[in-house]
Amino acid sequence: MLARRLLFVSRDYLGLMSPSVRVFSNSLSEVGKLEAPKLGSNYDTGQLFLHKVFGYRGVILFPWLARVYDRDLPNKKENSGKPEGDPPSFSAPVVGGQAKEIKGRTHTYYQVLIDGRDSPYITHRAQTESVTFLGNHSENTRNLYAIPGLDYVAHEDILPYSTQESNPLQHELFDKFLQYSEENDPPFVAQDTLRAWQEKNHPWLELSDVHKETTENIRVTVIPFYMGFRENQQNNVYWWRYCIRLENLGDATVQLRERNWRIFSLSGTLETVRGRGVVGQEPILSRDQPAFQYSSHVSLQAPSGHMWGTFRMEREDGYAFDCRIPPFSLESKQEDPNDPQILGN
């Protein structure tokens, strides 16, 4: 049995068939049956799951094969020579004056739909996740389009389950993208609209690079997404969305107090951005709620650039430290002149 309301799965989950849960509801009803996580193969389109960290119900649409640049993993060759103040290259982040080559490792992520019934209970995310993008770049507007309830989930954060319900998830795109098929396993198959939508919106949806780094048991994961550009009289303005997840891997409770960003543009500008917290919050990372995730946006007057920085973290005893944000590149992509198709029409 799974709780109908949002439930939190212990991060110590080791493949057991009964996760430890905390339920924010007085009533329970059957949702489905947990299945063993896949270790050597990918999940299929239509697979229902619980998010291992954020607890929501979702369904897998299709996979992405991303390059993960993890600065916590050992690398075969390290070399020094870059001064700390210089903008770091994509593959050679600067830490304390030392540069090291980071080799990307391929890893599977999934494009998923979030069950709308669970969104109000996801308290350790700044907002309901969505994909944002600009419309046709020739439009002289500031319009920003969003597809709510769309997320990206790493393979290891999927806790698969099965159900007897023919419509087990509430999202406006569920019936447009998936069709119930009793003879299939999982019993939800992709419709032509899903395949057409994926192809049409590939530039805005594609997840290609993931960046990770850990400082004093606080792991920061960054995923950048290109959103498009706007034309004006002087030059083009390019936009990106970046999704950041912080995870407390230790026992001590910490709070994010400040952010310190460095933004380098191919045009030659280097900007510093400082401020309290992130997206108006100063999140606390504890054993009960060890993770926090948010998205933000950045624009450059050049088709590419880099970002890196630190979060100022503070423990309950007053000890403060700077948590490194791994450097990541901002790259534009060739665009289709047609507008993005929100619903795959």
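What comes next is a walk through the structure. Along each chain, numbering runs from 1 in the same order as the chain's sequence is written. In view of the model being predicted, local features appear only for residues whose pLDDT reaches at least 70, and side-chain atom pairs are presented and counted only at 80 or more, with totals across whole chains, interfaces and linings using the full set of residues. Excluded from the side-chain calculations are hydrogens and water; all other atoms, namely the structure's heavy atoms, are used.

## Quick notes on the pairing of strand 21 (residues 304-315)
Thought 1: In this analysis, strands are considered paired if DSSP registers two or more bridges between them. A run of H or I in DSSP becomes a helix once it reaches four residues, and a run of E becomes a strand once it reaches two; helices and strands are each numbered from the N terminus. Bridge count between strand 17 (residues 254-265) and strand 21: eleven bridges; the pairing is antiparallel. Residue pairing in the sheet places Glu258 in a bridge with Arg312 of strand 21.
Thought 2: Inspection of the sheet shows strand 21 paired to strand 22 (residues 320-331) by ten bridges, in the antiparallel sense. When the bridges of strand 22 are listed, Phe311 appears paired with Cys323.
Thought 3: In this structure, the hairpin formed by strand 21 and strand 22 is closed by a connection of four residues, where Gly318 is found at a positive phi of approximately 95°.

## Observations regarding the packing of aromatic side chains
Thought 1: A pair of aromatic rings is counted whenever rings of Phe, Tyr or Trp (Trp by its six-membered ring) have centres within 6.5 Å, and the orientation is called stacked for planes under 30 degrees apart, edge-to-face for over 60 and tilted otherwise. The tally for this structure, following the rule as stated, stands at 16 aromatic pairs.
Thought 2: Taking the centre distance of 5.6 Å and the plane angle of 80° together, the rings of Phe62 and Trp64 count as edge-to-face. Each member of the pair, Phe62 as well as Trp64, is classed as buried.
Thought 3: Judged by centre distance (4.8 Å) and plane angle (40°), the rings of Phe177 and Trp197 are tilted. Taken together, the residues Phe177 in helix 1 (residues 174-177) and Trp197 in helix 2 (residues 192-200) connect sequence positions 20 residues apart.
Thought 4: For every residue, the accessible area obtained with a 1.4 Å probe (protein chains only) is divided by the maximum for its type, and the residue is called buried under 20%, exposed over 50%, and partly exposed between those limits. Accessibility expressed as a relative area gives 0% for Trp197, which makes it buried.

## Concerning the nonpolar core
Where a protein is soluble and globular, its nonpolar side chains tend to be buried together.
Thought 1: Only buried residues count toward a nonpolar core. Its members are Ala, Val, Leu, Ile, Met, Phe, Trp, Tyr and Cys residues joined through side-chain atoms within 4.5 Å. Ranked by internal contacts, the top residues of the largest apolar core, which has 32 residues, are Leu61, Tyr109, Leu113, Leu178, Trp197 and Leu207.
Thought 2: Elements with a contribution of two residues or more to this core: strand 2 (48-51), strand 3 (57-70), strand 7 (105-114), strand 10 (150-154), strand 11 (158-162), helix 1, helix 2 and strand 15 (218-231).
Thought 3: Per element, the largest residue contribution to this core is six residues, and it comes from strand 3.
Thought 4: Among residues more than four places away in sequence, those in contact with Tyr109 are Phe62, Pro63, Trp64, Ala66, Val68, Val153, Ala154, Leu207, Val210, Lys212 and Ile223.
Thought 5: Core analysis: the second largest hydrophobic core is formed by 28 residues, Val254, Leu300, Ile325 and Phe328 among them. Contacts are assigned to residue pairs that have any heavy atoms within 4.5 Å of one another.

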